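# Chain and residue survey
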Amino acid sequence: MADQTSSSGAIAKPKSTATDNSRWAQTVDHFKREWQLYVMLAPTIIWFIVFLYKPMYGLQIAFKDYSIFRGVAASPWVGFEHFETLFSNDQFIRAVMNTIKISALNLLFGFPAPIILALMFNEILHATYKKTAQTIVYLPHFISSVIISGIVITAFSPTAGIVNTVIGWFGFDPVYFLTQPEWFRPIFVGTGIWQEAGFGSIVFLAAIAGVNPSLYESAVVDGANRWQMMWKITIPSILPTILIMLIIRIGNIMEVSWELVILLYQPATYETADVVNTWVYRQGLQSGQYDLAAAAGLFNAVVAFVLVMTANSLSRRFSRTSLW
Amino acid sequence: MAGVELEGIVKAYGALQVVHGIDLNVAEKEFVVLVGPSGCGKSTTLRMIAGLEEITDGTLTIDGRMMNRVAPKDRDVAMVFQNYALYPHLNVADNMAFGLRIRKMPKDQIKSTIADVAEILGLTEYLERRPADLSGGQRQRVAMGRAIVRHPKVFLFDEPLSNLDAKLRTQMRAEIKRLHNRLGVTSVYVTHDQVEAMTLADRIVVMNDGAIEQVGTPMELFNNPANTFVAGFLGSPPMNQMRGTLTDTGAVIGDAEIALPGQINGHAGRDVIVGIRPEHVTLLPSEQSSALPIALDLVEPLGSEALLHARHGDTAMVFKAETHGSIDHLSGVDTVHVPAGLVKLFDAETGRALSLGA
Ligand SMILES: Nc1ncnc2c1ncn2[C@@H]1O[C@H](COP(=O)(O)OP(=O)(O)OP(=O)(O)O)[C@@H](O)[C@H]1O
Ligand SMILES: [Mg+2]
């Protein structure tokens, strides 16, 4: 942008006679010439303003004693009172811990899954088989979470579920998976992998497709086998993509896919399943404590912001790869 | 004897045959250059030698051993790719060490081998750099280094210089030649640049459309092209080719006759293609030369020489003339003189060289 302004400025100069308003004249000139670009840019900017920046105005209720009758502006300031309430609330602390634990499991198992899948797809030589397999693993991504949770609930049902049927074959008693806190996290993380690993592998497959084929040919002549090529060529070549995806993932650590949590959890499993966003949802929308919920949401956002900044700068320092 | 032998080598992709039975013997320590227009099957042939493409038919022998079904790694060949195929995530030393590590060479031996080769190639101070931080010529050298450290029986080059600018290409060309003289490894080199072929090769293989047109030393091919294709491929600018008809004493081109004493031997009336190298004509008549009237289109000075673009009748041709420091005397040229002994004749239909005198 700066470049454009200055270059158009250079052309505009001879036209403007008064020196004091020449800057304004340059800007007008620039808009006149480049207005199409701004028109194209406008929808995105409007979208950001309406859906991301305007709602930020409402964030101030995190620091106010908000009541819907008084409105955002007229509600009195209360400083950090809501944050003090939050951090003395055991349920909130538990939700934060649950969020971190689930995210950690997701990062540990859910993040590598699409990478491994992509590497495996890359080794399949039979074209039709490869395409079929890919389509099958992409499918769950396109199914709504409501149906996904329905499938999961059915599969783990103690009476008719396939899982308990199999357990029954070995002579064991049925397990009430979805009511037992210790099972929630494995089921949740597993469901997430089932739903998203296939679709997530597309990014990595694209990265693999971008690797120069003569690197492999050269390695073949040098005597490398497929395993060595995977470790010494493919993985290092897609490492920048992996790091970028990791940074994005880390930025989303506080954003456990909570629609799925809401669909799968129940009061019996709150102990391990309740995450910050579901807690916010219950406090805010169900109990009407909007100000407290806003404070929790803001806390979430600040943590995510710090995490993503840290991950980005670490990545830039150690691997020359970064989001910005 | 680490020679390479190709016998009736065929390559087909499904029903499409792209290499039609190639026979070629590359002797030990020989530097053979495959040259030909784009798409003629040079790379495919080279890649079959490397084992990167399956051989559809025929036999490939390296060092006396039949290689058709042998895995690339066991053929003991090293290949230099057009785009260098350097690993972007590894530095120069690790790039060169890649093949050695895979072959489980002891660490200290790897280190000394790389140090030696880096010394030869002038890469010693760049060993720690990544490919992205090297110039094109340096990358090219690393690619060569990676092949050299392996001490293979055969080097295969697929247009290794075509990504370099003209000056660097000349320089690297000489370097490759020196390296070959020093290492004496059997080499097969693919290029579409005839100058590269002429300067590097012990023997040149001219390919066209999946088949070999002629094999021979650079000067053999230059002096006695087997057909019009080879004649039109080698030399810069290449040989002029004009349609003509033989008479008892020479060849008629348009409305001029070129005397060819002692060459016709009863072939009068035959349609031929008359080949004249641009540098063989003179501006002044000499012994046994015939005058060829021309209409001059354009004079291109190159320095010590100039190219004269001209036509005779409908046939466009290019001649070379010495400038002696000025091109003024060339602008008025309307006749060139063709020395009888240097004229080549080809059959008008088959394009094959005719040796009527014999
Ligand atoms: N995988 C393939 N399937 C079908 N045809 C192919 C395939 N690979 C190459 N060919 C064809 O084989 C012919 C020879 O290709 P090759 O790459 O050997 O040409 P080349 O002589 O190296 O040309 P260049 O100078 O452009 O590199 C071409 O006509 C090409 O279209
Ligand atoms: Mg090629």
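Since the model is a prediction, treat every value here as computed from it, not as a measurement.

## Remarks on the overall build of chain B
Broken down by element type, chain B carries 8 helices and 21 strands. By its C-alpha atoms, chain B is 75 × 50 × 35 Å across when sized along the principal axes. Across the 358 residues that make up chain B, the buried fraction comes to 51%. Partitioning the intrachain contacts of chain B with sequence separation of at least 6 by distance along the chain shows that 66% fall at a separation of at least 24. With an accessible surface of roughly 16,000 Å², chain B has 49% of that area assigned to carbon and sulfur atoms. Charge separation in chain B, taken as the distance between the mean sites of 34 positive and 43 negative side-chain charges, equals 12 Å.

## Let's talk about the site of ligand 1
Residues and elements named next belong to chain B. Taken together, the neighbourhood of ligand 1 is formed by Tyr13, Leu16, Val18, Ser38, Gly39, Cys40, Gly41, Lys42, Ser43, Thr44 and Glu159. Lys42 places a side-chain nitrogen or oxygen 2.7 Å from an oxygen atom of ligand 1. With the chains in place, 59% of the 640 Å² that ligand 1 exposes on its own is no longer accessible. Mapped onto the shell around ligand 1, the elements with two or more residues apiece are strand S2 (16–26) and helix H1 (42–50). Tallying contributions element by element places H1 first for the shell around ligand 1, with 3 residues.

## Focus on the environment of A:Leu264
Residue and element names in this part refer to chain A. Relative to the helices and strands, Leu264 is located in helix H13 (residues 258–264). Distance from Leu264 to Thr154, taken between C-alpha atoms, is 11 Å for residues 110 residues apart in sequence. Ignoring anything within four residues of it in the chain, the contact list for Leu264 reads Ser149, Val152, Ile153, Leu178, Phe184 and Phe188.

## Comments concerning the pairing of strand S6 (residues 77–80) of chain B
Side-chain direction in a regular strand flips from residue to residue, so the side chains alternate between the two faces of the sheet. Residues and elements named next belong to chain B. Burial of the side chains of S6 extends over both faces: Val77 and Met79 are buried on one face and Ala78 and Val80 on the other. As paired elements, S6 and strand S7 (residues 154–158) share 4 bridges and run parallel to each other. Bridged to Met79 within S7 is Leu156.

## Brief notes about a nonpolar patch on the surface
Residue and element names in this part refer to chain A. On the surface, Leu41, Ile45, Ile46, Trp47, Phe48, Ile49, Val50, Phe51, Leu52, Tyr53, Met56 and Leu59 cluster together to form a nonpolar patch covering roughly 1,100 Å² of accessible area. Here Met56 is to be found in helix H2 (residues 22–58). Look at Met56 and you get partly exposed, because its relative accessible area is 46%.

## A word on the domain arrangement of chain B
The accessible area lost on association of the parts is a frequent measure of interface size. Residue and element names in this part refer to chain B. One can read the domain layout of chain B as domain 1 (4–229) and domain 2 (240–354). The C-alpha-based centres of domain 1 and domain 2 are spaced at 38 Å. Contact residues are listed per partner, giving 8 residues for domain 1 and 9 residues for domain 2. A combined buried area of about 650 Å² lies between domain 1 and domain 2, and 53% of that area is made up of carbon and sulfur atoms. Taken as a group, Phe222, Pro225 and Thr228 account for 70% of the area that domain 1 buries against domain 2, more than any other trio of residues on that side. Our count for the contact surface shared by domain 1 and domain 2 stands at 0 salt bridges.

## Comments concerning the interface of chain B and chain A
Contact residues are listed per partner, giving 22 residues for chain B and 17 residues for chain A. Between chain B and chain A, a total of about 1,700 Å² is buried, with carbon and sulfur atoms accounting for 58% of that surface. At the surface where chain B touches chain A, the tally comes to 2 salt bridges. Residues A:Asp222 and B:Arg150 are paired through a salt bridge, measuring 2.8 Å at the closest nitrogen-oxygen approach. Between the two partners, chain B and chain A, sit 9 residue pairs in polar contact (both at pLDDT 80 or more).

## Comments concerning the pattern of salt bridges
Throughout the structure, instances matching the rule amount to 18 salt bridges over all chains. B:Arg47 is paired through a salt bridge with A:Glu217; the nearest N and O atoms lie 2.6 Å apart. With B:Arg47 in helix H1 and A:Glu217 in helix H11 (residues 213–222), this pair bridges two chains. We classify B:Arg47 as buried; its relative accessible area is 16%.

## Considering helix H5 (residues 166–183) of chain B
Residues and elements named next belong to chain B. Here H5 is 18 residues long and its end C-alpha atoms lie 25 Å apart, about the 26 Å a rise of 1.5 Å per residue gives. All of the buried residues along H5 are Met172, Arg173, Glu175, Ile176, Leu179 and His180. Tucked into the core, H5 has its buried residues touching strand S3 (31–35), helix H3 (107–121), helix H4 (136–148), strand S8 (186–191) and helix H6 (194–200).

## Considerations on unusual backbone geometry
Residues and elements named next belong to chain B. Backbone torsion omega between Ser236 and Pro237 reads -10°, so that peptide bond is classified as cis. Within the fold, Pro237 resides in the loop between helix H8 (228–233) and strand S11 (240–246). Although it is not a glycine, Lys29 adopts a positive phi angle of roughly 65°. Tracing the backbone through its elements, the reader meets Lys29 in the loop between S2 and S3. Despite not being glycine, Gln288 has its phi angle at roughly 60°, a positive value. With respect to the helices and strands, Gln288 occurs in the loop between strand S14 (271–276) and strand S15 (289–293).

## Some points on the sheet that holds S7(B)
Residues and elements named next belong to chain B. Across the sheet, 6 strands lie side by side as S6-S7-S8-S3-S9-S10; this open sheet has mixed pairing. Each of the sheet's edge strands pairs with one partner strand only, and the pair in question is S6 and strand S10 (211–216). This sheet shows a mean twist of 15° between the axes of neighbouring strands, independent of strand direction. On top of the sheet, H4 reaches S6 and S7; it is set at about 175° to S6, its chief contact.

## Describing the sheet that holds S14(B)
Residue and element names in this part refer to chain B. Spatial strand order, S13-S12-S11-S14-S20-S21: 6 strands in an open sheet with antiparallel pairing. Each having just a single partner strand, strand S13 (256–259) and strand S21 (353–354) make up the two edges of the open sheet. The sheet contact formed by S11 and strand S12 (residues 250–253) spans 2 bridges and is antiparallel. Looking at S12, one finds that Thr245 is bridged to Val252.

## A look at the environment of A:Gly171
Residues and elements named next belong to chain A. Inspection of the secondary structure assignment puts Gly171 in the loop between helix H9 (162–169) and helix H10 (181–209). On the basis of relative accessible area, Gly171 is assigned to the exposed category, the value being 61%. Gly171 sits 130 residues away from Ala301 along the chain, and the two C-alpha atoms are 48 Å apart.

## Re the pairing of strand S4 (residues 57–62) of chain B
All names here are of chain B. The sheet contact formed by strand S1 (residues 4–13) and S4 spans 5 bridges and is antiparallel. For Glu5, the partnering residue across the bridge sits in S4 and is Thr61. As paired elements, S4 and strand S5 (residues 65–66) share 2 bridges and run antiparallel to each other. Each residue of the ladder has a partner; that of Thr61, found in S5, is Met66. The antiparallel pairing of S4 with S5 creates a hairpin that spans 2 residues between the two strands, and Asp63 there sits at a positive phi of about 55°.

## Some words on the environment of A:Gly192
Residues and elements named next belong to chain A. With respect to the helices and strands, Gly192 occurs in helix H10. Owing to a relative accessible area of 22%, Gly192 belongs among the partly exposed residues under this scheme. C-alpha of Gly192 to C-alpha of Ser257: the two residues are 65 residues apart in sequence and 8.5 Å apart in space.

Conventions we followed
Residue positions are counted from 1 within each chain, in the order its sequence is given. Written order decides the labels, with chains lettered from A and ligands numbered from 1. Given that this is a predicted model, residues contribute local features only at a pLDDT of at least 70 and side-chain atom pairs are listed and counted only at 80 or more, while totals for whole chains, interfaces and linings are drawn from all residues. Side-chain descriptors were evaluated using all non-hydrogen atoms of the structure, hydrogens and water having been removed beforehand. Each helix corresponds to a stretch of at least 4 residues labelled H or I by DSSP, and each strand to a stretch of at least 2 residues labelled E; elements are numbered beginning at the N terminus. Throughout, exposure labels follow a simple rule: accessible area from a 1.4 Å probe, protein chains only, divided by the maximum for the residue type, with under 20% read as buried, over 50% as exposed, and the rest as partly exposed. Working rule for contacts: check all heavy atoms of both residues, and any pair within 4.5 Å makes them a contact. Exposure was quantified through the Shrake-Rupley algorithm and a 1.4 Å probe, taking into account, for residues, occlusion by the shown protein chains and nothing else. For the purpose of charge, His is not counted, nor are the chain termini; Lys and Arg are scored as positive and Asp and Glu as negative. For the purpose of locating charges, the reference atoms are NZ of Lys, CZ of Arg, CG of Asp and CD of Glu. A molecule or strand has a residue near it when one of that residue's heavy atoms lies within 4 Å. N or O atoms closer than or at 3.5 Å make up a polar contact, with two conditions inside protein: a donor-capable atom paired with an acceptor-capable one, and, for residues adjacent in sequence, both atoms drawn from side chains. When DSSP finds two or more bridges between two strands, those strands count as paired. The patch calculation keeps residues exceeding 30% relative accessible area without a salt bridge and links them within 9 Å when they carry like charges or within 5 Å when they are nonpolar (Val, Leu, Ile, Met, Phe, Trp, Tyr). Salt bridges, as used here, are contacts in which a Lys or Arg side-chain nitrogen is within 4 Å of a carboxyl oxygen on Asp or Glu. Start and end points for every domain follow an automatic or database-based domain assignment. What gets called buried area is simply the loss in accessible area from a 1.4 Å probe that two parts show on being joined, summed for both. Here the expected length of a helix is defined as 1.5 Å per residue gap, with one fewer gap than residues. Lines fitted to C-alpha atoms define the axes here, with helix axes fitted over just the stretch in contact, and angles between the N-to-C directions of these axes take values from 0 to 180 degrees.

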